[in-house]
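Topology and contacts: notes
The primary structure of each chain is shown beneath.
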Amino acid sequence: MKKTLVPLVVVAAFSLVAGLAGCAPGEVATSTSSETPTSATAPETAVEVSVLDAVEASYQLWLFQGMTEEVTSSGDTYILTYQPGAEFVAALYNIELEDVIPIEQPELFTVYSAWMMLKDDATVIVEGDNQLTLTNDGYGDFTVFIENGIIVSGEAVNGSWTGVFRYEPDLPTLELLEQALNAEQ
């Protein structure tokens, strides 16, 4: 599949990559569970979930259900979306430019980055009421906000981006990506 990009799109993508999380690349881990999680906590077993547990629950939802992050960075609004499949390919859509590009780095997703950062001993973790701030020179600095045991939004510590998250792929954006990739062939 040929992947040529318009230079302006590359600049926009680079600024988003730098602003979103500034994370180091990583591999998408696979879960050993055969069941697809449907929520962070089931109503009948509702217990207070620690903010650290919320990262794991959010990662599992990202892994099995996919995710959409609607992010504002450098004055532009982006939709970053992923649908689970055999190969990891996400779509990054710049709403202002009406342009979409393929993304192969799962670490651009805040939930994935948070999950990876918790595995790194160099990460400074500050827990708050329904929020978690993670700082790591190799990954970036951001705060995630938690509701009902899952991460629902985030922001860069320096204010360079903010985003809201939902645990489902944005199918219209993924269709735009497919059309763009087909047009390049």
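Report on the accompanying structure.

Rules behind the numbers
- Residues numbered from 1 in each chain as written.
- Predicted model: local features only at pLDDT ≥ 70, side-chain atom pairs only at ≥ 80, totals over all residues.
- Heavy atoms only, no water.
- Buried < 20%, exposed > 50% of the residue type's maximum accessible area, 1.4 Å probe, protein only.
- Helix = DSSP H or I, 4+ residues; strand = E, 2+ residues; numbered from the N terminus.
- Contact = heavy atoms within 4.5 Å.
- Polar contact = N/O pair within 3.5 Å; in protein donor to acceptor, adjacent residues only side chain to side chain.
- Core = buried A, V, L, I, M, F, W, Y, C linked by side-chain atoms within 4.5 Å.
- Salt bridge = Lys/Arg side-chain N within 4 Å of Asp/Glu carboxyl O.
- 1 Å grid on protein atoms, 1.4 Å probe; cavity = no way out; pocket = protein on both sides within 12 Å on 5 of 7 lines; lining within 4 Å.
- Points joined across faces, edges and corners; volume = space filled by probe spheres on them.
- Nonpolar A, V, L, I, M, F, W, Y, C, P; charged D, E, K, R; others polar.
- Pairing = 2+ DSSP bridges.
- Axes fitted to C-alpha atoms, helices over the stretch in contact; angles between N-to-C directions.
- Phe/Tyr/Trp six-rings, centres within 6.5 Å; stacked < 30°, edge-to-face > 60°.

Right, let's talk about helix 3 (residues 110-118) for a bit. A large share of helix 3 lies buried, amounting to 8 of its 9 residues. Residues of helix 3 that are buried: Thr 110, Val 111, Tyr 112, Ser 113, Ala 114, Trp 115, Met 116 and Met 117. Against the buried residues of helix 3 lie helix 2 (51-65), strand 1 (67-73), strand 6 (131-136), strand 7 (140-147), strand 8 (150-156) and strand 9 (161-166).

Before going further, it helps to spend a moment on the side chain of Thr 123. Looking at the secondary structure, you find Thr 123 in the loop between helix 3 and strand 5 (124-128). Judged by relative accessible area, Thr 123 falls into the buried class, the value being 10%. Within the structure, Thr 123 has its side chain in polar contact with the backbone oxygen of Met 117 (distance 2.7 Å). In contact with Thr 123, not counting residues within four places along its chain, are Met 117, Leu 134, Thr 135 and Asn 136.

A separate point is the nonpolar core. When a protein is soluble and globular, its nonpolar side chains tend to lie buried together. Judged by nonpolar contacts, the single largest core of 38 residues is most densely connected at Trp 62, Phe 109 and Ile 151. Ranked by residues supplied to this core, first place goes to helix 2 with 8 residues. Membership of the second largest hydrophobic core comes to 7 residues, among which are Ile 79, Ala 91, Tyr 93 and Leu 181.

As enumerated under the stated definition, the model contains 3 salt bridges in all. Within the structure, one salt-bridge network assembled from shared partners comprises Glu 70, Arg 166, Glu 168 and Asp 170.

We now examine the layout of surface pockets. The volume enclosed by the largest pocket comes to roughly 260 Å³. What lines the largest pocket is a set of 10 residues, and nearest its centre among them are Val 89, Leu 174, Leu 177, Glu 178 and Leu 181. The class makeup of the residues in the lining of the largest pocket is 6 nonpolar, 1 polar and 3 charged.

Moving on to the sheet that holds strand 4 (residues 99-103). For sheets, the rule is that strands pair by backbone hydrogen bonds, running either parallel or antiparallel. Taken in spatial order, the 9 strands make up an open sheet running 4-3-2-1-9-8-7-6-5, and their pairing is antiparallel. With partners counted over all chains shown, the strands left at the sheet margins are strand 4 and strand 5, one partner each. Each adjacent strand pair in this sheet contributes to an overall mean axis angle of 20°, direction not counted. Direction of pairing for strand 5 relative to strand 6: antiparallel, over a ladder of 5 bridges. When the sheet's bridge partners are listed, Ile 125 is paired in strand 6 with Leu 134.

Further remarks concern the environment of Ala 180. Structurally, Ala 180 is set in helix 4 (residues 171-184). With 81 residues separating them in the primary sequence, Ala 180 and Asp 99 have C-alpha atoms 8.8 Å apart.

Scanning the entire structure with this criterion turns up 12 aromatic pairs. For the pair Tyr 82 and Phe 109, a centre-to-centre distance of 6.1 Å together with 65° between the ring planes defines the contact as edge-to-face. Of this pair, Tyr 82 sits in strand 2 (residues 76-82) while Phe 109 sits in the loop between strand 4 and helix 3, and the two are 27 residues apart along the sequence. Here Tyr 82 and Phe 109 have matching classes, each one buried. Judged by centre distance (6.2 Å) and plane angle (85°), the ring pair of Phe 88 and Phe 109 falls under edge-to-face. Residue Phe 88 is located in the loop between strand 2 and strand 3 (90-94), and its partner Phe 109 is located in the loop between strand 4 and helix 3; the two are separated by 21 residues in the primary sequence. For the pair Phe 88 and Phe 109, a shared accessibility class is recorded, and that class is buried.

The next point concerns the environment of Val 55. Mapped onto the fold, Val 55 is located in helix 2. Looking at Val 55, the relative accessible area reads 0%, which means it is buried. Ignoring any residue separated from it by four or fewer positions in sequence, one finds Val 55 in contact with Ala 114, Trp 115, Leu 118, Leu 132 and Ile 151.

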